[in-house]
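Below, each chain spelled out in residue letters.
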Amino acid sequence: MPQREGRSPEEPRVIVPLPDMIPSSSELVTEGSAKVPDASERTEEVLYYWDYLHLDDILSSQRPKSDERGNPVHDELFFITVHQTYELWFKQILAELDSLVSLMGPKHVAERDLGVVLSRLQRINSIQRLLVAQLDVLETMSPLDFLDFRSLLLPASGFQSVQFRLIENKFGLLERDRLSVEGHSYSDTLRADHVELVIESESSPSLFDYVERWLSRTPFVRSSDFDFVAEYQAVVRAKHDATRASLSGNADQLQAFEAGIRKFDAIFDRGIWQAEVLQGSRRLSYDAFMAALFINLYRDEPILQNPYRILTALIDIDASLTLWRQRHAVMAHRMLGRLTGTAGSGYDYLDETARRYTPFRDLFDVSTYLLPRPSLPTLPSSLVSGLDFMNQGAR
């Protein structure tokens, strides 16, 4: 074929399609996708991205009070946007918690559901890390910028976030562990219908309750040929005796050692543990805690790997909630100094909640009682076989 003038033989041949070979935009549809109509064809019945997300409603929901008063303050829109974003994420966390409760609520939890439980917990934790990072964005507003519109917010307060209170309650925070603000309950600042919601959540089983029940049913802790609690206690007591013998010539160190191992009294005596539960210094039942300890010590066994990850995810959520409260307290201190917030709370209150509001604190304490792998009681072969995904049902 003769070459077109101006193109060397080495150049690739370019085929220019005829007009009827070019598909219209409506024909550019991938397999399995819906046809996207032209704007002229679009009707109310056809789903549209903007309408699907209800962006008209969402984007018209930022209504600064300073705008209403005819003196707009730039950072008030920013402030509203940040807090509305928090509330949207709180809504998603509540959806994940409700799903977790439905999965962990039945009398028997199927092992195949544990992967879903883990994914829900990990999603909550990822959202919470995002919420902590969002404080970096909020802190781009200076204390003086905040003062430009703070008086317009009274008496509204983030303390009144009913969704966050529901998260706390559904996760497992007890009303008895809450701090009062100026002698009042947190629910005293809420609207009547919101008070009903939080009171209902206080009286309903929480994720903590279901996790405790699930742990208490762990089938491997005691069997006909293995008693984990008795074996564990024997190993620990032998180690303590060996340490005492090595410190026999040093009274001060021996005294410090004896004081330190008093933490094991509750592990060795179910009655002491129960007394500490009644006192409020522990939350998990004795059986649930010993199951958590067993899972941590033997987490390399295949059937225990997902339970171990679940316990770790619960710790991560508790830790990220604590971090969020700490960052919130620091931000409040930075913005308000020693002044109280619009609901009467302030830096001291927020800082104290970071120390006290930890429903799964017993899981953090498990590390106190860990043993090196070489010291672990040897599992009988029958139990090892059971821990290898053989003949596993639900618990």
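Above this text you will find the structure in question.
Residues numbered from 1 in each chain as written. Predicted model: local features only at pLDDT ≥ 70, side-chain atom pairs only at ≥ 80, totals over all residues. Heavy atoms only, no water.

K.L.:
Break down the overall build of the protein for me, citing the residues and quoting the values.
P.N.:
Counting its regular elements, the protein contains 18 helices and 2 strands. Put simply, the protein has 395 residues, and 40% of those count as buried. Of all intrachain contacts in the protein linking residues separated by at least 6 positions in sequence, the fraction that spans at least 24 positions is 76%. When the accessible surface of the protein is totalled, it reaches about 22700 Å², and 55% of it is carbon and sulfur. (Helix = DSSP H or I, 4+ residues; strand = E, 2+ residues; numbered from the N terminus. Buried < 20%, exposed > 50% of the residue type's maximum accessible area, 1.4 Å probe, protein only. Contact = heavy atoms within 4.5 Å. Areas by Shrake-Rupley, 256 points an atom, 1.4 Å probe, with all protein chains shown as cover.)

K.L.:
Got a sec to walk through the pattern of salt bridges? Specific residues and values, please.
P.N.:
Within the structure shown, the criterion is met by 20 salt bridges. A salt bridge links R327 to E139; the nearest nitrogen and oxygen atoms lie 3.4 Å apart. Taken together, the residues R327 in helix α15 (residues 302-336) and E139 in the loop between α5 (114-138) and α6 (143-147) connect sequence positions 188 residues apart. The partner of D193 in a salt bridge is R191, with the nearest N and O atoms 2.8 Å apart. Taking the relative accessible area as the measure of exposure, D193 reaches 36% and is therefore partly exposed. The structure contains a network of salt bridges with shared partners spanning R165, E168, R178 and R325. (Salt bridge = Lys/Arg side-chain N within 4 Å of Asp/Glu carboxyl O.)

K.L.:
Summarise the packing of helix α9 (residues 207-216) against helix α14 (residues 286-297); cite the residues concerned and give the values.
P.N.:
Two packed helices can be described by the angle between their axes and the distance between those axes. Between α9 and α14, the shortest axis-to-axis distance is 8 Å and the interhelical angle comes to 70°. Considered as vectors, α9 and α14 are oriented roughly perpendicular to each other. Here E212, L215 and S216 of α9 lie close against α14, whose contacting residues are D287, A288, A291, A292 and I295. Split by residue class, the contact of α9 with α14 holds 5 nonpolar, 1 polar and 2 charged. (Axes fitted to C-alpha atoms, helices over the stretch in contact; angles between N-to-C directions. Parallel < 35°, antiparallel > 145°, perpendicular 65-115°, else oblique. Nonpolar A, V, L, I, M, F, W, Y, C, P; charged D, E, K, R; others polar.)

K.L.:
Explain empty space enclosed by the protein to me, using residue names and the numbers behind them.
P.N.:
This structure, assessed with the given rule, holds 2 cavities of 30 Å³ or more. Here the largest cavity is characterised by a volume of approximately 70 Å³. Along the walls of the largest cavity sit F90, I93, Q128, L131, F164, I167, S320, L321 and W324, which together make up its complete lining. Looking at the lining of the largest cavity element by element, the count peaks at 3 residues for α15. (1 Å grid on protein atoms, 1.4 Å probe; cavity = no way out; pocket = protein on both sides within 12 Å on 5 of 7 lines; lining within 4 Å. Points joined across faces, edges and corners; volume = space filled by probe spheres on them.)

K.L.:
Just give me the short version of the packing of helix α4 (residues 74-104) against α5, but keep the residues and values in it.
P.N.:
Following both chains from N to C, one finds α4 and α5 inclined at 165°, their axes separated by 10 Å at the closest point. One element, α4, and the other, α5, form an angle in the roughly antiparallel class. For the pair α4 and α5, the sense of crossing is left-handed. Residue classes in the contact of α4 with α5 are distributed as 21 nonpolar, 6 polar and 3 charged. (Left-handed = near helix turned anticlockwise from the far one by under 90°.)

K.L.:
Account for the layout of surface pockets, with residues named and values stated.
P.N.:
Of the pockets and cavities examined, the largest pocket occupies roughly 1300 Å³. What lines the largest pocket is a set of 43 residues, and nearest its centre among them are F79, H83, S157, G158 and F159. Of all the secondary-structure elements, those providing two or more residues to the lining of the largest pocket are α4, α5, α7 (162-171), α15 and α16 (347-356). Broken down by element, the residue count for the lining of the largest pocket peaks at 8 residues, all from α4. Taken together, the residues of the lining of the largest pocket break down into 22 nonpolar, 13 polar and 8 charged. What lines the second largest pocket is a set of 16 residues, and nearest its centre among them are N296, R299, Y308, S367 and L370. Listed by contribution, the elements that provide at least two residues to the lining of the second largest pocket are α14, α15 and α17 (361-365). In terms of residue count, α15 provides more of the lining of the second largest pocket than any other element does, 4 residues in total. When grouped by side-chain class, the residues that make up the lining of the second largest pocket number 10 nonpolar, 3 polar and 3 charged.

K.L.:
Describe unusual backbone geometry, naming the residues involved and giving the relevant values.
P.N.:
In this model, L154 is joined to P155 through a cis peptide bond whose omega is -5°. Checked against the element boundaries, P155 lands in the loop between α6 and α7. A positive phi angle, near 50°, is found at H54, a position not held by glycine.

Read these as layout, nothing more, since geometry by itself doesn't imply function.
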